[in-house]
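Chain by chain, the residues run as shown.
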Amino acid sequence: MTTIPSRPVLRAGLATAVLLTLAACGGIADDAPTDADQTEFCAAYYDETATAQDVADRLAEIGTPAGISESERNGFESYVDALADEGDTPYKDVETVKIPADDKADGTAFIDYAQDLCPPLLEPTSPVSPTTGPSTEPTTP
């Protein structure tokens, strides 16, 4: 088994990479769509309120955005299948998933892809407080 950088965890707008050991193979994501909405894909990938199985099922249903490389797509399939093996474990608590060692490069490519794609799409914005909105003070020309 091999340790590779894994899915980054978004907390307070920051992406933090965690290390996962990848090793498992084939299954639910093999026929996943290849034209997913990027924001929907990222929201599922970072859903820390769901179980690992729920996230795997959702990712397999959504698929990957268009333009993903073959290596990244293969890594996606391996990641989703291995994640499903974690069952009812809370997704936020999954620290390792296992895929075959020969899929390491693809797994790394997928993790890098998601890490590059998702943080800018999901960074929370600061809510505007009613007291910090536009100034109501008169201005002079």
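Described in the following lines is the structure provided in the data block. No experiment lies behind these values; they were computed from the predicted model shown.

Procedures and definitions
Residues numbered from 1 in each chain as written. Predicted model: local features only at pLDDT ≥ 70, side-chain atom pairs only at ≥ 80, totals over all residues. Heavy atoms only, no water. Core = buried A, V, L, I, M, F, W, Y, C linked by side-chain atoms within 4.5 Å. Buried < 20%, exposed > 50% of the residue type's maximum accessible area, 1.4 Å probe, protein only. Helix = DSSP H or I, 4+ residues; strand = E, 2+ residues; numbered from the N terminus. Disulfide = S-S within 2.5 Å. Salt bridge = Lys/Arg side-chain N within 4 Å of Asp/Glu carboxyl O. Phe/Tyr/Trp six-rings, centres within 6.5 Å; stacked < 30°, edge-to-face > 60°. Lys, Arg positive; Asp, Glu negative; His and termini not counted. Polar contact = N/O pair within 3.5 Å; in protein donor to acceptor, adjacent residues only side chain to side chain. Contact = heavy atoms within 4.5 Å. Axes fitted to C-alpha atoms, helices over the stretch in contact; angles between N-to-C directions. Parallel < 35°, antiparallel > 145°, perpendicular 65-115°, else oblique. Nonpolar A, V, L, I, M, F, W, Y, C, P; charged D, E, K, R; others polar.

Here we look at the nonpolar core
Counting residues in hydrophobic clusters, the biggest one holds 32 residues, and the most contacted among them are F41, Y45, L59, F76, Y79, L83 and F110. For this core, the secondary-structure elements that each account for two or more residues are α1 (38-45), α2 (52-62), α3 (70-84) and α4 (104-122).

Examining the state of the cysteines
As enumerated under the stated definition, the model contains one disulfide in all. Covalently, C42 is tied to C118 through a disulfide, its sulfur atoms 2.1 Å apart. Disulfide C42-C118: torsion about the S-S bond near -80°, hence left-handed. Pair noted here: C42 is in helix α1 and C118 is in helix α4, with a separation of 76 residues, a long-range link. For the residue pair C42 and C118, the accessibility class agrees, reading buried in each case.

Overview of the pattern of salt bridges
Scanning all chains against the criterion turns up three salt bridges. Between E40 and R58 there is a salt bridge whose closest N-O contact spans 2.5 Å. Highlighted residues: E40 in helix α1 and R58 in helix α2, separated in sequence by 18 residues. Overlapping salt bridges, with partners in common, bring together E40, R58 and E61 in one network.

Quick notes on the packing of aromatic side chains
Going through the model one piece at a time under the given rule, you end up with nine aromatic pairs. A ring pair is formed by F76 and F110, whose centres lie 5.7 Å apart and whose planes are at 65°; its orientation type is edge-to-face. Pair noted here: F76 is in helix α3 and F110 is in helix α4, with a separation of 34 residues, a long-range link. Under the relative-accessibility criterion, F76 is labelled buried at 0%. F110 gets classed as buried once you look at its relative accessible area, which sits at 0%.

A word on the side chain of D106
Within the secondary structure, D106 is located in helix α4. Within the buried core, D106 has no salt-bridge partner, and the shortest N-O distance to an opposite charge, that of R73, equals 11 Å. Among the polar contacts listed, one links the side chain of D106 to the side chain of S71, at a separation of 2.6 Å. Sequence-distant contacts of D106, that is, excluding residues within four places in its chain, are made with S71, N74 and G75.

Topic: the packing of α3 against α4
Contact geometry for α3 and α4: axes closest at 7 Å, N-to-C directions at 95°. Considering their axes alone, α3 and α4 lie roughly perpendicular with respect to each other. Between α3, through S71, E72, N74, G75, F76 and Y79, and α4, the contact on the second element is made entirely by A105, D106, G107, A109, F110, I111 and Y113. Along the lines of polarity and charge, the residues of the contact of α3 with α4 split into seven nonpolar, four polar and two charged.

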